[in-house]
Amino acid sequence: MDISDDNPYLLLTPGPVSTSPGVRRAMLRDWCTWDDDYKELVQDVRRRLTWLAGDEDGAYTTVLLQGSGTFAVEATIGTAIPPGGKLLILENGAYGRRMARICRVLRIPAAIVSGSEVLPCDLEQAERVLRRDPAITHLAMVHVETTTGVINPLKEFADLVRTYGKISIVDGMSSFGGIEIDISGMGIDFFISSANKCLQGVPGLGFVIARRDELAECRGRARSLSLDLYDQWREMEEGRGKWRFTSPTHAVRALHQALQELAEEGGVPARNRRYRENQRVLVEGMERLGFRILVPRAFQSPVITTFLYPDDRDFSFPDMYMFLKRAGFVIYPGKLTDVDTFRIGTIGTVTPEDIQALLEALRHFQSVRLRNSAYRP
Ligand SMILES: *Cc1c(COP(=O)(O)O)cnc(C)c1O
């Protein structure tokens, strides 16, 4: 890993993630937003993202949107669901629950199927709700629930939605670019992600990969002016890369560079191998140090891993966090209500060697602590 001297630590978080020097350097110039050079850059980013979705016949398009990932989720929900429509949300963590909150704020009728945070979403229960409630028009699910690192059954979800003739919305924020996803093959209608997770760009924009024919139905449906996905799409199409409102030029340029670097790494399969190896080395090493993982292995994504606090009642997460930060690593607190956990991300420009170095630092932390507690009166 290449940390340039202005980066004091490596981010082992679910995003934003550590970026390459090339991606950071790409931001060192200014752009005119309506100049053809810039608009061509925008169009190239859109083409590459649509291509990554597996689109072969032009059935899909990509709309870029200013803001963090949640803005893109809110824009999609607010634009896709027509008056009189109803969204069924399959939820097993904070990001699924966030979609439910978006519906409440936008006054969009929603039904929620809640499941255990350590298990994948329950599709059978979702099917029972679907059978009972003919008002449901759309279904939504998070692919990798970053709350815990659980990976949800995307193919089975997409099949269920298609079997019932409904529209699918997928929050693939923390998986796109790091896990192979055949969006087109699965027939997903709206797939949402952002620049600053597995694509290894910087924060500032999200995007939605959408079926053109479904997006074309969405005119005039949006409950917001700036989060109108349809209008954003039309402006980008007709203006050939023009954004409706000021575009995050530097972040777009960084994403362009990040997509180039993804291709140079060997595409999504190669990146997935690196992330999986990061995660394997992490879990093996952490278990050797006495930590236990929360999520059953079969449902664990390579993106982020949740660890339980050790039984030791002297364990202090803030102490461990500060120690690791000084050693050059930033990890993440847990996000569960009922168990004490912390999380370590394995995405971004992170390598298995970085993970080894983290484990070495943790070993050091543990031995210092043991020494200190031995001297306690
Ligand atoms: C990161 C993330 C989001 C978006 O979070 P923002 O803070 O708005 O960027 C949404 N869903 C999932 C699953 C995520 O991991």
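It should be noted that the structure appears before, not after, this text.
Residues numbered from 1 in each chain as written. Predicted model: local features only at pLDDT ≥ 70, side-chain atom pairs only at ≥ 80, totals over all residues. Heavy atoms only, no water.

## Here we look at helix H11 (residues 267-288)
A rise of 1.5 Å per residue sets the reference length of H11, with its 22 residues, at 32 Å; its end C-alpha atoms lie 32 Å apart and thus fit the reference within 8%. Immediately beyond the C-terminal end of H11, within one or two residues, lies Gly290, with a positive phi of roughly 100 degrees. (Helix = DSSP H or I, 4+ residues; strand = E, 2+ residues; numbered from the N terminus. Expected span 1.5 Å × (residues − 1).)

## As for empty space enclosed by the protein
Tallied over the full model, the rule gives two cavities of 30 Å³ or more. Reported here for the largest cavity is a volume of approximately 40 Å³. Lining the largest cavity are Glu74, Ala75, Gly78, Leu106, Arg223, Ser224 and Leu227. The residue inventory of the lining of the largest cavity, partitioned by class, reads three nonpolar, two polar and two charged. The volume enclosed by the second largest cavity comes to roughly 30 Å³. Forming the boundary of the second largest cavity are Tyr95, Val142, Val144, Thr146, Asp171, Met173, Ser174 and Lys197. Each residue belonging to the lining of the second largest cavity can be placed in one class, and the counts come to four nonpolar, two polar and two charged. (1 Å grid on protein atoms, 1.4 Å probe; cavity = no way out; pocket = protein on both sides within 12 Å on 5 of 7 lines; lining within 4 Å. Points joined across faces, edges and corners; volume = space filled by probe spheres on them. Nonpolar A, V, L, I, M, F, W, Y, C, P; charged D, E, K, R; others polar.)

## Observations regarding the pattern of salt bridges
Tallied over the entire structure, the rule returns 21 salt bridges. Where Arg212 meets Glu237, a salt bridge forms, and the shortest distance between an N and an O atom there is 3.7 Å. With a gap of 25 residues between them, Arg212 in helix H8 (residues 212-215) and Glu237 in helix H9 (residues 229-238) connect regions that are remote in the sequence. Looking at Arg212, the relative accessible area reads 31%, which means it is partly exposed. (Salt bridge = Lys/Arg side-chain N within 4 Å of Asp/Glu carboxyl O. Buried < 20%, exposed > 50% of the residue type's maximum accessible area, 1.4 Å probe, protein only.)

## Remarks on the packing of aromatic side chains
Geometry of an aromatic ring pair is reported as the spacing of the ring centres plus the angle between the planes. Summed over the entire model, instances satisfying the criterion amount to 14 aromatic pairs. Summarising the aromatic geometry, the rings of Tyr309 and Phe317 are spaced 6.4 Å apart at their centres and angled 10 degrees between planes, so their arrangement reads as stacked. The exposure class assigned to Tyr309 is partly exposed, which follows from its relative accessible area of 26%. Overall, Phe317 belongs to the buried group, its relative accessible area being 10%. Ring centres of Phe323 and Phe365 lie 5.3 Å apart, and the angle between their planes is 55 degrees; on these two criteria the pair is classed as tilted. Taken together, the residues Phe323 in helix H12 (residues 317-326) and Phe365 in helix H13 (residues 352-374) connect sequence positions 42 residues apart. Overall, Phe323 belongs to the buried group, its relative accessible area being 19%. Given a relative accessible area of 7%, Phe365 falls into the buried group. Among the aromatic residues, those joined into a cluster by ring pairs are Phe291, Phe307, Tyr309, Phe315, Phe317, Tyr321 and Phe342. A cation over a ring is seen here: Lys197 above Tyr95, with NZ or CZ 5.7 Å from the ring centre. Above the face of the Trp233 ring, Arg234 is positioned so that its terminal group lies 4.5 Å from the ring centre. (Phe/Tyr/Trp six-rings, centres within 6.5 Å; stacked < 30°, edge-to-face > 60°. Lys NZ or Arg CZ within 6 Å of the ring centre and 35° of its normal.)

## Some points on the sheet that holds strand E2 (residues 60-66)
Within the open sheet, the seven strands sit side by side as E2-E10-E9-E8-E5-E3-E4. Their pairing is mixed. Edge strands, defined here as strands with exactly one partner in the open sheet, are E2 and strand E4 (110-114). Strand-to-strand, the axes of this sheet are offset by a mean angle of 20 degrees, without reference to chain direction. Sheet topology note: the strand E5 (residues 138-142)/strand E8 (residues 167-171) ladder contains five bridges and is parallel. (Pairing = 2+ DSSP bridges. Axes fitted to C-alpha atoms, helices over the stretch in contact; angles between N-to-C directions.)

## Considering the site of the ligand
In the neighbourhood of the ligand, the contacting residues comprise Ser68, Gly69, Thr70, Tyr95, Arg98, Val142, Val144, Thr146, Asp171, Met173, Ser174 and Lys197. Ser68 places a side-chain nitrogen or oxygen 2.5 Å from an oxygen atom of the ligand. Within the side chain of Thr70, a nitrogen or oxygen atom sits 2.5 Å from an oxygen atom of the ligand. One can see that the ligand is located within the second largest pocket. Mapped by element, the contributors of at least two residues to the shell around the ligand are helix H3 (69-80) and helix H4 (94-106). Of the residues contributing to the shell around the ligand, the split by class is four nonpolar, five polar and three charged. (Near = heavy atom within 4 Å. Polar contact = N/O pair within 3.5 Å; in protein donor to acceptor, adjacent residues only side chain to side chain. Sits in = over half its atoms within 2 Å of the grid points.)

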